[in-house]
Amino acid sequence: MVFANIEYLFLLLLLIPYIVWYIMKRRNNEATLQISDARVYAHTPKSYKNYLLHVPFMLRIIALALIIVVLARPQTTNSWQNSEIEGIDIMMAIDVSTSMLAEDLKPNRLEAAKDVAAEFINGRPNDNIGITLFAGESFTQCPLTVDHAVLLNLFQGIKCGIIEDGTAVGMGIANAVTRLKDSKAKSKVIILLTDGTNNKGDISPLTAAEIAKSFGIRVYTIGVGTNGMAPYPYPVGNTVQYVNMPVEIDEKTLTQIAATTEGNYFRATSNSKLKEVYEEIDKLEKTKLNVKEYSKRQEEYRWFALAAFLCVLLEVLLRNSILKKIP
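Conventions we followed
Residues numbered from 1 in each chain as written. Predicted model: local features only at pLDDT ≥ 70, side-chain atom pairs only at ≥ 80, totals over all residues. Heavy atoms only, no water. Helix = DSSP H or I, 4+ residues; strand = E, 2+ residues; numbered from the N terminus. Buried < 20%, exposed > 50% of the residue type's maximum accessible area, 1.4 Å probe, protein only. Contact = heavy atoms within 4.5 Å. Phe/Tyr/Trp six-rings, centres within 6.5 Å; stacked < 30°, edge-to-face > 60°. Pairing = 2+ DSSP bridges. Salt bridge = Lys/Arg side-chain N within 4 Å of Asp/Glu carboxyl O. Arc of directions from axis to C-beta. Axes fitted to C-alpha atoms, helices over the stretch in contact; angles between N-to-C directions. Parallel < 35°, antiparallel > 145°, perpendicular 65-115°, else oblique. Left-handed = near helix turned anticlockwise from the far one by under 90°. Nonpolar A, V, L, I, M, F, W, Y, C, P; charged D, E, K, R; others polar.

This part covers the overall build of the protein chain. Check the secondary structure of the protein chain and you find 10 helices and 11 strands. Counting across all 327 residues of the protein chain, residues that qualify as buried make up 38%. Within the protein chain, contacts between residues at least 6 apart in sequence are counted, and of these 81% link residues at least 24 apart.

Turning to the packing of aromatic side chains, a few remarks are in order. Enumeration over the complete set of coordinates arrives at five aromatic pairs. Taken together, a centroid distance of 3.7 Å and an interplanar angle of 5 degrees make the contact between Tyr22 and Phe57 stacked. Residue Tyr22 is found in helix 1 (residues 15-29), and its partner Phe57 is found in helix 3 (residues 55-71); the two are separated by 35 residues along the sequence. Across the pair, Phe57 and Tyr22 agree in class, each one buried. Relative to Tyr278, the ring of Phe120 lies with its centre 5.5 Å away and its plane at 55 degrees, an arrangement referred to as tilted. Residue Phe120 is found in helix 4 (residues 109-122), and its partner Tyr278 is found in helix 9 (residues 271-284); the two are separated by 158 residues along the sequence. Of the two residues, Phe120 and Tyr278, both sit in the buried class. Within the aromatic cluster, the residues linked to one another by ring pairs are Tyr18, Trp21, Tyr22 and Phe57.

We now examine the pairing of strand 9 (residues 239-246). Of the pairings in the sheet, the one linking strand 8 (residues 229-236) to strand 9 comprises eight bridges and is antiparallel in character. Directly across from Pro233, in strand 9, lies its bridge partner Tyr242. The turn joining strand 8 and strand 9, which pair antiparallel and follow one another in sequence, is formed by two residues; a positive phi near 65 degrees is taken by Gly237.

Turning our eyes to something else, we now look at the pattern of salt bridges. Per the counting criterion, the structure on display carries 13 salt bridges. When the shortest N-O distance is used, the salt bridge between Glu251 and Arg267 registers 3.3 Å. Highlighted residues: Glu251 in helix 8 (residues 251-260) and Arg267 in strand 10 (residues 265-268), separated in sequence by 16 residues. The class for Glu251 is partly exposed, based on a relative accessible area of 33%. We classify Arg267 as partly exposed; its relative accessible area is 22%. Each member of the salt-bridge network shares a partner with another, and the members are Arg60, Glu315 and Arg319.

Buried within helix 7 (residues 205-214) we find Pro205, Ala208, Ala209 and Ala212. Down the axis of helix 7, the buried side of the element spans an arc of 105 degrees, and every buried residue falls inside it. A positive phi of about 70 degrees marks Gly216, the residue just after helix 7.

Running from N to C, helix 6 (residues 169-180) and helix 7 point in directions that differ by 15 degrees, and their axes come no closer than 7 Å. With respect to helix 7, the axis of helix 6 lies roughly parallel. Regarding helix 6 and helix 7, the two cross each other, and that crossing is left-handed. Only Pro205, Ala208, Ala209, Ile211 and Ala212 of helix 7 make contact with helix 6, whose side of the interface consists of Val169, Gly170, Ile173, Ala174 and Val177. In terms of residue class, the contact of helix 6 with helix 7 is made up of nine nonpolar, one polar and no charged.

That's the geometry; what it means functionally is another story.
So, in C-alpha cells, the structure goes:
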C-alpha cells in the first residue's frame, strides 16, 4: 500500500500530546478520600462501567488516526514495467525579425509558429528541447531541457524586437549547434523556422550547415509565409496601417541547408500547412520506445473512512447511554 499524500501521516504525532493531556486530566479529576484502612474495599465488585470508562476516548483516538490515514489517500498499486526509452535532442531556431509580424498567418507568423511549436513540444515528452532565437543576431532563449513546463513558459517571452533586426540564418544555426555538439544523444536535430533571406551575421547559412553536419546534427528548415504579397502592420502615429510587402524566402539556401545535413525543407503558407509541417517532422524524428508496462492504482480510503465513522458512532452511543452519568 502506498499513500498519495504521505505528508499527512505526520499529523499522527499530534495524537501523542492529546493522549498525555487526557491522562493528566483524568488524574487531576479523580476524587480522593483519606481512610485508615482500605482493605474493606478490596473485594468490592467492580461495575462493567469501570471497564468501559476509557473506551470512548480510545475510540476517538482511533477515529482521528483513521481520518488522518484517509487524508493521506491510501492506494494499492500493481505494476510491472520493462521499458527502454531513447530520447533525442532538439533545438528550435526561430526567426524573430520584424517581418515575422506579417499577418498572412493568423494572428501573425510568429504567434502561429509559437502555437504550433508548443503543440509539437507537448507531443515529445521524452526529448530534450531548447530554443534559439535569431534576427540580426542570435541568442539562446532556453538551453536543452526535459522540463517542458519551463520551456513552454519561456515561449511567452518570445516576441519581435527584442534583438537587433535582420535575418542571420547562419548565426541561428551556429548558436543551436553549440548547444547540441556535446550532446550524447544518438539523434540531434535543429528545426529552423524563418520567413526571409540571410542578410546579417558573420557565418553564412551553408557554412553553418557544414558545421552542423560535422557534429552529426540534422537540420529541418521551414520557410513560413504565403506566396506573393503579405499584409504587414506599419505604425502611423497612434494607428496601425497595413502595407502589402513581398514575401522573399530564400528557398534555395534553405533546401541546401537541409540537404547538407540530411534533413528536409518544408514550406508553410498557412496555419494548417505549418501544423502539417511539424506533424511531418514529428513522424520523421520519432523517439524509439520499447515499453511493456502494466499499472493499476486503486483508492483504498473507503474502508478507513467507514471504520472512523463506526468509531465515532460507537463513542456517541456509549456516552449517551451506558456512560451518560459518568463525567
